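The lines below spell out each chain.
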Amino acid sequence: MHERVYNFSPGPAVLPLKVLEQAQGELLSLPGLGMSAMEISHRSKWFDGVLAETTANLRKLLGIGEEFTVLYMQGGSRLQFSTIPMNFLRGAGKPAEYIVTGSWSKTATAEARREGEVRILFDNKDENYRRLPRPDELKSSADAAYLYYCSNETIQGVQFAAEPRADVPLVCDASSDFLCRPLDMSRYGVLFACAQKNLGPAGVTVVIVRNDLLERVPEGLHSMLDYRTYAKENSLANTPPVFAVYVVMLVTRWLLDDIGGLAKMYALNRQKSGMLYGLLDKYPDLYQGHAQRDCRSLMNVTFRLPSEEATAQFVKEAAAWRLCELKGHRSVGGIRASIYNAMPIEGVEALRDFMIDFAKRSKT
Ligand SMILES: *Cc1c(COP(=O)(O)O)cnc(C)c1O
């Protein structure tokens, strides 16, 4: 086998080795079926089982029952930026409220505006999205169609510690922190996450919708943009990305059986992120954290070095330690270490050791 590197990419991102090995082992022939997950019909009994187990695993991990429907869609999270307002803002006769805390929630508002009135409750672009709103800064009203937010801004590396308070259905883009910690799903109306950050390969987006909200969907939407089509047809109205859903099933199985559930995953994620944030606190002149301390993300650790040259040197030397994909997003600059669920603790330890070594050799 070619040696794997530690991949700190923000997405598509690292997957659990055990999941890759199982997919590899079954690549030519699923047990007893003689064909691969990339060749088998989405109408097969095998795939019915895959959908059923994935949904059952998600329900178990999140502690949700039949009050929610789990949908498997395509078009990534960005299509959800459109389908959310199409299904829940169009014809609602009231505005939708958006909390803008970084690049992804900002992009979502632009799509929502095509469907109706959008009220921005908070947008701290002028602070370069380094922090999240305090509860007293959010004046949400009870007459909105829904309240939208992004639980973890992947690019800026800021993550809500708790859901914003809402008297209307809460809609959450959880693309980059889904299943990183336990959630109180009774707070949510809709939660969506593309797979390629924390859940599986690109191609499938999981959408969890509270059933009563499906009754609010207006008539006349294109059928493949209408959540009710996916709910009615068990996400089989057209051909779903079979292989991607199969890998999501394996990842949810890994979370349950190998990790032991979301409380355990959360503890591991705190341990991993704590190692890196500890260094930001120890060497604040060299590793200048982007996120304000109380908004730091468990998943995406963002920081800058004192100069472009130092950043380039950091990235180059890290690659020699087989630590890859550390360059920050062009809008924030610096370094971003994405340490999703599947990043093994050894990978974070290796990055920590490199950062200590780099700091000792730096003059700052
Ligand atoms: C990656 C990401 C998106 C966009 O996902 P696509 O599947 O590429 O459309 C949206 N929101 C967040 C928070 C993300 O991290």
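Values in this document were obtained by computation on a predicted structure and should not be read as measured data.

Calculation criteria
Numbering of residues begins from 1 in every chain and follows the order in which that chain's sequence is written. Reporting in this predicted model follows two pLDDT cut-offs: at least 70 for local features of residues, and 80 or more for side-chain atom pairs to be given and counted; totals over whole chains, interfaces and linings ignore these cut-offs and use all residues. Note: side-chain values were computed over all heavy atoms of the structure, leaving out hydrogens and water. The buried label goes to any residue with under 20% of its type's maximum accessible area, the exposed label to any with over 50%, and the partly exposed label to all in between, with areas taken from a 1.4 Å probe on protein chains only. Secondary structure follows DSSP: runs of H or I at least 4 residues long count as helices, runs of E at least 2 residues long count as strands, and numbering of each begins at the N terminus. Whether two strands pair depends on DSSP finding at least two bridges between them. Using a 1 Å grid laid over the protein atoms alone, points where a 1.4 Å probe fits but cannot get out form a cavity; open sets with protein on both sides within 12 Å along at least 5 of 7 lines form a pocket; any residue with an atom within 4 Å of a point counts as lining. Grid points are joined across faces, edges and corners, and a volume is the space filled by probe spheres set on the points. Amino acids are sorted into nonpolar (Ala, Val, Leu, Ile, Met, Phe, Trp, Tyr, Cys and Pro), charged (Asp, Glu, Lys and Arg) and polar (every other residue, Gly among them). Residue ranges assigned to the domains are those given by an automatic or database domain assignment. Salt bridges, as used here, are contacts in which a Lys or Arg side-chain nitrogen is within 4 Å of a carboxyl oxygen on Asp or Glu. Each axis is a line fitted through C-alpha atoms, and for a helix only the stretch in contact is used; angles between axes span 0 to 180 degrees, taken between their N-to-C directions. Comment on the angle field: the value is read as roughly parallel under 35 degrees, roughly antiparallel over 145, roughly perpendicular from 65 to 115, and oblique elsewhere. Throughout, a contact is declared for two residues whenever any of their heavy atoms are within 4.5 Å.

1. Remarks on the pairing of strand S8 (residues 170-173)
- Every second residue of S8 is oriented toward a common face, with Leu170 and Cys172 on one face and Val171 and Asp173 on the other, all of them buried.
- Pairing of strand S5 (residues 147-150) with S8, which is carried by four bridges, proceeds in the parallel orientation. Paired with Cys150 across the strands is Asp173, a residue of S8.
- Pairing of S8 with strand S9 (residues 190-194), which is carried by three bridges, proceeds in the parallel orientation. Looking at S9, one finds that Val171 is bridged to Val190.

2. Examining the layout of surface pockets
- When its volume is computed, the largest pocket comes out at roughly 410 Å³.
- Around the largest pocket, the lining comprises 18 residues; the ones closest to its centre are Pro133, Arg134, Pro135, Leu138 and Phe160.
- Taken together, the residues of the lining of the largest pocket sort by class into nine nonpolar, three polar and six charged.
- Three or more residues apiece are contributed to the lining of the largest pocket by two domains, here domain 1 (18-259) and domain 2 (261-362).

3. Some thoughts on the pattern of salt bridges
- Summed over the entire model, instances satisfying the criterion amount to 25 salt bridges.
- Arg322 is the partner of Glu3 in a salt bridge, and the nearest nitrogen-oxygen pair spans 3.7 Å. Taken together, the positions of Glu3 in the segment before strand S1 (6-7) and Arg322 in the loop between helix H9 (308-320) and strand S13 (323-324) put the pair 319 residues apart, joining distant regions of the chain.
- Two residues, Arg228 and Asp226, come together in a salt bridge whose shortest N-O distance is 2.9 Å.
- When salt bridges with common partners are traced through the structure, they connect Glu127, Arg131, Arg134, Asp136 and Glu137 into a single cluster.

4. Re the packing of helix H8 (residues 262-282) against helix H10 (residues 345-361)
- Put simply, H8 and H10 touch, their axes get as near as 10 Å, and they point 5° apart. Considering the angle they form, H8 stands roughly parallel to H10. Within the contact between the two elements, H8 uses Leu268, Gln271, Lys272, Met275, Leu276, Leu279 and Leu280 and H10 uses Ile345, Val348, Glu349, Leu351, Arg352, Met355 and Ile356.
- Each residue belonging to the contact of H8 with H10 can be placed in one class, and the counts come to ten nonpolar, one polar and three charged.

5. Some details on unusual backbone geometry
- For the bond running from Gly11 to Pro12, omega is -10°, close enough to zero to count as cis.
- One can find Pro12 in the loop between S1 and helix H1 (17-25).
- Positive phi values are uncommon outside glycine, yet Asn234 reaches one of about 55°.
- You can see Asn234 is positioned in the loop between helix H6 (227-232) and helix H7 (242-259).
- Among the residues examined, Asn234 registers a relative accessible area of 44% and is labelled partly exposed.

6. Section: empty space enclosed by the protein
- Tallied over the entire structure, the rule returns four cavities of 30 Å³ or more.
- For the largest cavity, the calculated volume is near 70 Å³.
- If you go around the largest cavity, the residues you meet are Ser151, Cys172, Ala174, Asp177, Phe178, Leu179, Cys180, Arg181, Leu183, Tyr188 and Leu191.
- Here the residues of the lining of the largest cavity sort into eight nonpolar, one polar and two charged.
- Approximately 50 Å³ is the volume attributed to the second largest cavity.
- Around the second largest cavity, the lining residues are Val14, Leu15, Pro16, Lys197, Asn198, Leu199, Val251, Trp254, Tyr340, Asn341 and Ala342.
- In the lining of the second largest cavity, the residues fall into eight nonpolar, two polar and one charged.
- Mapped onto the domain boundaries, the lining of the second largest cavity takes at least three residues apiece from domain 1 (18-259) and domain 2 (261-362).

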